[in-house]
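# Coordinate analysis (summary)
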Amino acid sequence: MSDTVERIKCLIIGSGPAGYTAAIYAARADLKPIMYTGMEPGGQLTTTTEVDNFPGYPDGIDGPTMMVQLQQQAERFGTQVRIGMVTAVDFSDEVGGIHKVTVDNATQIEAETVIISTGATAKYLGLPSEQKLRGGGVSACAVCDGFFYKGQDVAIVGAGDTAAEEATYLANICNKVTMLVRKDHMKASKAMQHRVTSTKNIELRYNTEVDEVLGDMVVEGLRMKNNETGEKEEIAITGLFIAIGHKPNTDIFKGQLTMDDTGYLITKGKSTKTNKPGVFASGDVQDKEYRQAVTAAGTGCMAALDAERYLVSIDSVEEINTPMY
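No experiment lies behind these values; they were computed from the predicted model shown.

On to a positive patch on the surface, then. A cluster of like positive charges, contributed by Lys123, Arg182, Lys183 and Lys187, occupies part of the molecular surface. On the secondary structure map, Lys123 appears in the loop between β7 (120–122) and α3 (128–132). Looking at Lys123, the relative accessible area reads 40%, which means it is partly exposed.

Structural data, given as structure tokens:
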């Protein structure tokens with residue numbers, strides 16, 4: 001472990017739309033932010049081939065390119081973007097206290113404010129054929145990618161409210177939606193179940209699992225297996241949507257920050273404030289409802305504003321009088 005300690009005003013943990021937007025706003029407020037990207041610089045959007053619903057891109061943009069551009073914009077205003085993984089944290093309970101962070105089990109950072117934007121990781125089935133075709137027809141976000149399958153036949157895996165909501169969303173734009181439910185019942189609320197069962201172009205398959213995703217470069221079909229009878233059946237589809245949940249990337253903050261039963265960080269009211277003064281959370285790490293790039297970017301902006309106002313309150317920086325936009 002390094003003997004040298006770096007003292008900074010604003011540390012951003014994690015990249016993606018939330019982290020980069022926070023960096024843009026923090027840098028413009030002269031907080032001289034330093035960002036550690038984590039193991040997946042750019043977050044979930046780096047696995048998305050086409051982003052068609054982010055404002056300002058009339059012709060769409062692929063996810064990796066968008067993340068590169070956001071990083072360049074953050075760096076343009078003075079953000080230091082560093083490749084590295086935060087491996088330990090020791091957040092202060094005191095207003096004006098110093099938060100201690102370890103990067104890659106070696107580098108020591110002391111920060112007056114910390115913005116957490118570590119995101120959440122979509123859960124997948126783990127099949128090799130599924131992983132091979134991620135970005136080629138396999139998606140974990142129907143709202144993000146459903147548009148590309150307009151008028152086509154698709155399938156969705158899941159049984160909860162999110163799966164039901166995404167199935168009905170897909171049914172509005174796709175020709176047919178085959179919904180695979182592993183058990184003999186859905187766990188979605190009664191209202192959401194009714195919405196699914198009353199939608200004519202959704203076919204429910206109970207006791208059914210994915211056996212294989214078919215296709216070389218893109219999804220061409222699906223082999224399903226009835227887990228009661230063992231019977232297998234193939235259907236032709238062009239898109240497979242996995243809706244079995246997300247895992248927030250918050251393990252490192254357990255015991256330090258308040259989170260719900262599934263690990264999402266809890267923020268105060270409409271702010272990005274956590275239970276530790278000077279520590280803020282933005283993006284999917286604290287949002288299990290929307291999980292969109294544009295909402296993540298919005299909370300990144302909020303976190304930077306909250307951090308700047310916090311530093312003003314402890315007389316660490318002078319109040320910024322210039323517009324933040």
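According to the stated counting rule, one finds 5 aromatic pairs in the structure shown. On the numbers, 6.2 Å between centres and 70 degrees between planes, the contact of Phe280 with Tyr310 is edge-to-face. Highlighted residues: Phe280 in strand β17 (residues 279–281) and Tyr310 in helix α7 (residues 293–313), separated in sequence by 30 residues. Residue classification places Phe280 among the buried residues on the basis of a relative accessible area of 2%.

Next up on the list: the sheet that holds strand β13 (residues 221–226). Strand order in the open sheet formed by 3 strands is β12-β13-β14, and the pairing between neighbours is antiparallel. Two strands in the sheet have a free side with no partner beyond their single neighbour: β12 (208–214) and β14 (232–236). The average undirected angle you get between the axes of adjacent strands in this sheet is 25 degrees. Judged from the 6 bridges that link them, β12 and β13 form a sheet pairing that is antiparallel. From the neighbouring strand, Leu214 faces β13, where its bridge partner is Gly221.

What counts as what
Residues numbered from 1 in each chain as written. Predicted model: local features only at pLDDT ≥ 70, side-chain atom pairs only at ≥ 80, totals over all residues. Heavy atoms only, no water. Patch = residues over 30% accessible without salt bridge, like charges linked within 9 Å, V, L, I, M, F, W, Y side chains within 5 Å. Areas by Shrake-Rupley, 256 points an atom, 1.4 Å probe, with all protein chains shown as cover. Salt bridge = Lys/Arg side-chain N within 4 Å of Asp/Glu carboxyl O. Lys, Arg positive; Asp, Glu negative; His and termini not counted. Charge placed at Lys NZ, Arg CZ, Asp CG, Glu CD. Helix = DSSP H or I, 4+ residues; strand = E, 2+ residues; numbered from the N terminus. Buried < 20%, exposed > 50% of the residue type's maximum accessible area, 1.4 Å probe, protein only. Phe/Tyr/Trp six-rings, centres within 6.5 Å; stacked < 30°, edge-to-face > 60°. Pairing = 2+ DSSP bridges. Axes fitted to C-alpha atoms, helices over the stretch in contact; angles between N-to-C directions.

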